[in-house]
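Coordinate inspection notes
Take a look at the letters that make up each chain.
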Amino acid sequence: MNQTKEPMPAYTVQILESSFLNHDVKRFIVEKPEGYHFIPGQATDVAINLPEWKDQLRPFTFISLNDAPYLEFAVKIYDEHDGVTKQLGKTNAGASLILHDPFGTIHYKGPGIFIAAGAGLTPFLAIFRELYHHKMLQGNTLILSNKTSEDIIYPEELIKMLGANFINVFTREGVIGFIDRRIDRRYLVETIRDFSGNFYICGPDLFVKEISGYLLSLGASADTLVFEK
Ligand SMILES: Cc1cc2nc3c(=O)[nH]c(=O)nc-3n(C[C@H](O)[C@H](O)[C@H](O)COP(=O)(O)OP(=O)(O)OC[C@H]3O[C@@H](n4cnc5c(N)ncnc54)[C@H](O)[C@@H]3O)c2cc1C
């Protein structure tokens with residue numbers, strides 16, 4: 001079959017491994033279709049390959065290295081309502097998913113400050129892994145907001161890759177040695193010295209809107225802000 005003639009190619013892939021990374025984020029290792037290529041930071045629309053779910057597409061971000069022979073995703077499971085992620089919470093190795101082509105506007109364009117909330121880390125994790133793999137991660141900083149320390153995914157790897165350039169902000173937990181507050185305008189003023197570099201922002205829509213607004217008001221220019229449009 002010539003897949004280039006399809007308006008939206010779909011790839012049925014098997015889940016090879018699945019496990020919970022923390023209380024609500026689940027990691028999936030899935031088969032990589034032959035010739036499949038993405039730019040770190042990109043996502044794809046995913047459906048569960050079951051009759052009642054195959055039309056329910058939801059975007060998830062690749063976090064594996066492009067060279068890896070498999071694809072990896074980290075999915076926050078929303079158990080409180082009957083959506084795709086709740087079903088993914090019950091979906092394990094041996095089941096299959098339907099992937100589509102990669103899409104997305106978050107690409108690395110040079111060293112900068114990455115500001116993420118919760119599962120919004122995933123595109124940045126993919127970028128950091130690729131840069132670290134090529135020994136090019138230096139000069140990048142991550143400011144990551146989560147409710148508590150339990151919510152961070154891959155904390156050891158982030159520390160290994162970024163060292164002191166990995167800054168945690170917890171909104172709901174007092175943990176000695178960490179900053180317990182929200183990322184707001186004041187936090188940015190206190191934490192960032194130079195607003196002329198690149199900024200990468202990912203998280204819930206309101207988070208992206210607010211942080212972008214603060215950065216622009218503090219002197220960042222619109223063409224240095226990278227976020228999903
Ligand atoms: C480009 C892109 C890349 C993404 N990459 C990732 C990723 O790598 N990992 C990841 O975890 N997420 C990622 N997301 C977010 C992910 O797509 C959503 O979390 C997912 O679509 C939710 O699907 P769902 O069917 O479970 O929830 P939906 O039913 O689609 O609901 C979506 C949202 O509404 C809320 N909601 C709706 N109904 C209820 C209800 N009854 N009770 C409580 N809450 C409700 C939920 O909080 C949820 O956030 C990405 C999003 C985009 C746009």
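What you are looking at is a predicted structure, and each value in this text was computed from that prediction instead of being measured.

Time to look at the overall build of the chain. Helix and strand counts for the chain stand at 5 helices and 12 strands. Relative to the compact-globule value of 17 Å for 229 residues, the chain shows a C-alpha radius of gyration of 18 Å, a close match. If one aligns the C-alpha atoms of the chain with their principal axes, the spans along those axes are about 55 × 35 × 30 Å. Considering the chain as a whole, with its 229 residues, one finds that 48% of them fall into the buried category. For the chain, contacts bridging at least 24 residues in sequence account for 68% of all contacts bridging at least 6.

A few words on the nonpolar core. What tends to happen in soluble globular proteins is that the nonpolar side chains get buried as a cluster. One finds Leu-121, Phe-124, Phe-128, Leu-142, Leu-144, Leu-158 and Leu-162 to be the most contacted residues of the largest nonpolar core, which totals 26 residues. Of all the elements in the fold, those that place two or more residues in this core are β7 (112-117), α2 (122-133), β8 (141-146), α3 (155-162), β9 (166-170) and β11 (198-202). If one sorts the elements of this core by residue count, α2 sits on top with 5 residues. Ile-15, Tyr-36, Trp-53 and Phe-73 belong to the second-largest nonpolar core, a separate cluster that totals 20 residues.

Considered for burial, the residues of α3 that qualify are Leu-158, Met-161 and Leu-162. All buried residues of α3 lie within an arc of 75° about the axis, which places them on one face of the element. Those residues of α3 that are exposed and angled more than 90 degrees off the buried face are Glu-156 and Lys-160. Packed against the buried residues of α3 are α2, β8 and β9.

Strand order across the open sheet formed by 6 strands is β4-β3-β6-β1-β2-β5, with antiparallel pairing between neighbours. Both outer strands of the open sheet, β4 (58-61) and β5 (70-76), are each paired with one neighbouring strand and no more. On average, each strand axis in the sheet is tilted by 45° relative to the strand beside it, whichever way the strands run. The sheet contact formed by strand β1 (residues 11-20) and strand β2 (residues 25-31) spans 5 bridges and is antiparallel. Pairing of Glu-17 across the sheet is with Ile-29, part of β2.

What the rule picks out here adds up to 7 salt bridges. With a shortest N-O distance of 2.8 Å, Glu-157 and Arg-129 are connected by a salt bridge. Placement of Glu-157 in helix α3 and of Arg-129 in helix α2 is noted, with a sequence separation of 28 residues between them. The salt bridge partner of Arg-186 is Glu-190, with a shortest N-O separation of 3.2 Å.

Further remarks concern the site of the ligand. In the region of the ligand, 18 residues are neighbours, and Arg-58, Pro-59, Lys-76, Val-84 and Thr-85 sit closest. Here an oxygen atom of the ligand and a backbone polar atom of Lys-76 are 2.7 Å apart. With the chains in place, 61% of the 950 Å² that the ligand exposes on its own is no longer accessible. Of all the secondary-structure elements, those providing two or more residues to the shell around the ligand are β4, β5 and α1 (84-89). Among the elements that take part in the shell around the ligand, β4 stands out by supplying 4 residues, more than any other. Within the shell around the ligand, the residues separate by chemical class into 9 nonpolar, 5 polar and 4 charged.

The rules behind each value
Residues numbered from 1 in each chain as written. Predicted model: local features only at pLDDT ≥ 70, side-chain atom pairs only at ≥ 80, totals over all residues. Heavy atoms only, no water. Helix = DSSP H or I, 4+ residues; strand = E, 2+ residues; numbered from the N terminus. Rg over C-alpha atoms; globule rule 2.2 N^0.38 Å. Buried < 20%, exposed > 50% of the residue type's maximum accessible area, 1.4 Å probe, protein only. Contact = heavy atoms within 4.5 Å. Core = buried A, V, L, I, M, F, W, Y, C linked by side-chain atoms within 4.5 Å. Arc of directions from axis to C-beta. Pairing = 2+ DSSP bridges. Axes fitted to C-alpha atoms, helices over the stretch in contact; angles between N-to-C directions. Salt bridge = Lys/Arg side-chain N within 4 Å of Asp/Glu carboxyl O. Near = heavy atom within 4 Å. Polar contact = N/O pair within 3.5 Å; in protein donor to acceptor, adjacent residues only side chain to side chain. Areas by Shrake-Rupley, 256 points an atom, 1.4 Å probe, with all protein chains shown as cover. Nonpolar A, V, L, I, M, F, W, Y, C, P; charged D, E, K, R; others polar.

Note that all results are geometric; they support no functional claim without further evidence.
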